[in-house]
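Take a look at the letters that make up each chain.
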Amino acid sequence: MVLPLRLLLAALLIALALGAPSERGLIFNLDTGELCLQSAQCKSGCCQRDSGLSLARCTPKAAETQDCSRKSLYGVYYKCPCESGLTCDADRSIVGSITNTDFGICYDKNDPTTLR
């Protein structure tokens, strides 16, 4: 009688462990490389597409000296915004925004060697 109770308890513990929710979600909290519709879905905070016809995927935010974008179109970026603490030195003209060329480079505004 003791053995079946132990077996039942072990099976119950295994079932609970396997049924525990993971940190990754189906709609939110998506990892890098997973398909997304908006940046709010990604752990990184950036849902990026390469072209107007490509599928958007979660991508890490831009590091120092990488290409960046200040705005997103409907929560999807062509170039991700900068990591925290960095600034995107981008074209702010209306022409840049119409022609989708308002990209820049991430830099640290507190670093005197990279000030613009």
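What comes next concerns the included structure. (Residues numbered from 1 in each chain as written. Predicted model: local features only at pLDDT ≥ 70, side-chain atom pairs only at ≥ 80, totals over all residues. Heavy atoms only, no water.)

1. Side note on the overall build of the chain
Consideration 1: Counting its regular elements, the chain contains 2 helices and 5 strands.
Consideration 2: Secondary structure elements of the chain, listed N to C terminal, follow the sequence α-β-β-β-β-α-β.
Consideration 3: Within the chain, the fraction of its 116 residues that count as buried is 26%.
Consideration 4: Within the chain, contacts between residues separated by at least 24 positions form 35% of all contacts whose residues are at least 6 apart in sequence.
Consideration 5: When the accessible surface of the chain is summed, it comes to about 8,300 Å², and 61% of that surface belongs to carbon and sulfur atoms. (Helix = DSSP H or I, 4+ residues; strand = E, 2+ residues; numbered from the N terminus. Buried < 20%, exposed > 50% of the residue type's maximum accessible area, 1.4 Å probe, protein only. Contact = heavy atoms within 4.5 Å. Areas by Shrake-Rupley, 256 points an atom, 1.4 Å probe, with all protein chains shown as cover.)

2. Things to note about the pattern of salt bridges
Consideration 1: Across all of its chains, the model carries 2 salt bridges by this definition.
Consideration 2: For aspartate 31, the salt bridge is made with lysine 43, and the minimal N-O distance between the two is 2.7 Å. Pair noted here: aspartate 31 is in the loop between helix 1 (2-19) and strand 1 (47-48) and lysine 43 is in the loop between helix 1 and strand 1, with a separation of 12 residues, a long-range link.
Consideration 3: When its relative accessible area of 46% is taken as the criterion, lysine 43 is described as partly exposed.
Consideration 4: For the salt bridge of aspartate 67 with lysine 79, the shortest nitrogen-to-oxygen distance reads 3.8 Å. Taken as a pair, aspartate 67 in strand 3 (residues 67-69) and lysine 79 in the loop between strand 3 and strand 4 (87-90) lie far apart in primary sequence, 12 residues in all.
Consideration 5: On the basis of relative accessibility, which here comes to 42%, the residue aspartate 67 falls in the partly exposed class. (Salt bridge = Lys/Arg side-chain N within 4 Å of Asp/Glu carboxyl O.)

3. A look at the sheet that holds strand 3
Consideration 1: Ordered by their spatial adjacency, 3 strands build an open sheet running 3-5-4, and the pairing between neighbours is antiparallel. Here the strands that pair on one side only, and so sit at the sheet edges, are strand 3 and strand 4. On average, each strand axis in the sheet is inclined to that of its neighbour by 50°, with strand direction left out of account.
Consideration 2: Across 4 bridges, the pairing between strand 4 and strand 5 (residues 103-107) is antiparallel. Residue alanine 90 lies in a different strand from strand 5, and its bridge partner there is glycine 104. (Pairing = 2+ DSSP bridges. Axes fitted to C-alpha atoms, helices over the stretch in contact; angles between N-to-C directions.)

4. Brief notes about a nonpolar patch on the surface
Consideration 1: Where nonpolar side chains cluster on the molecular surface, the patch consists of Leu26, Ile27 and Phe28 and spans about 390 Å² of accessible area.
Consideration 2: With respect to the helices and strands, the residue phenylalanine 28 is situated in the loop between helix 1 and strand 1.
Consideration 3: Since its relative accessible area comes to 52%, phenylalanine 28 is described here as exposed. (Patch = residues over 30% accessible without salt bridge, like charges linked within 9 Å, V, L, I, M, F, W, Y side chains within 5 Å.)

5. What to know about the pairing of strand 5
Consideration 1: The pairing of strand 3 with strand 5 spans 3 bridges and is antiparallel. Along strand 5, the bridge assignment pairs serine 69 with phenylalanine 103.

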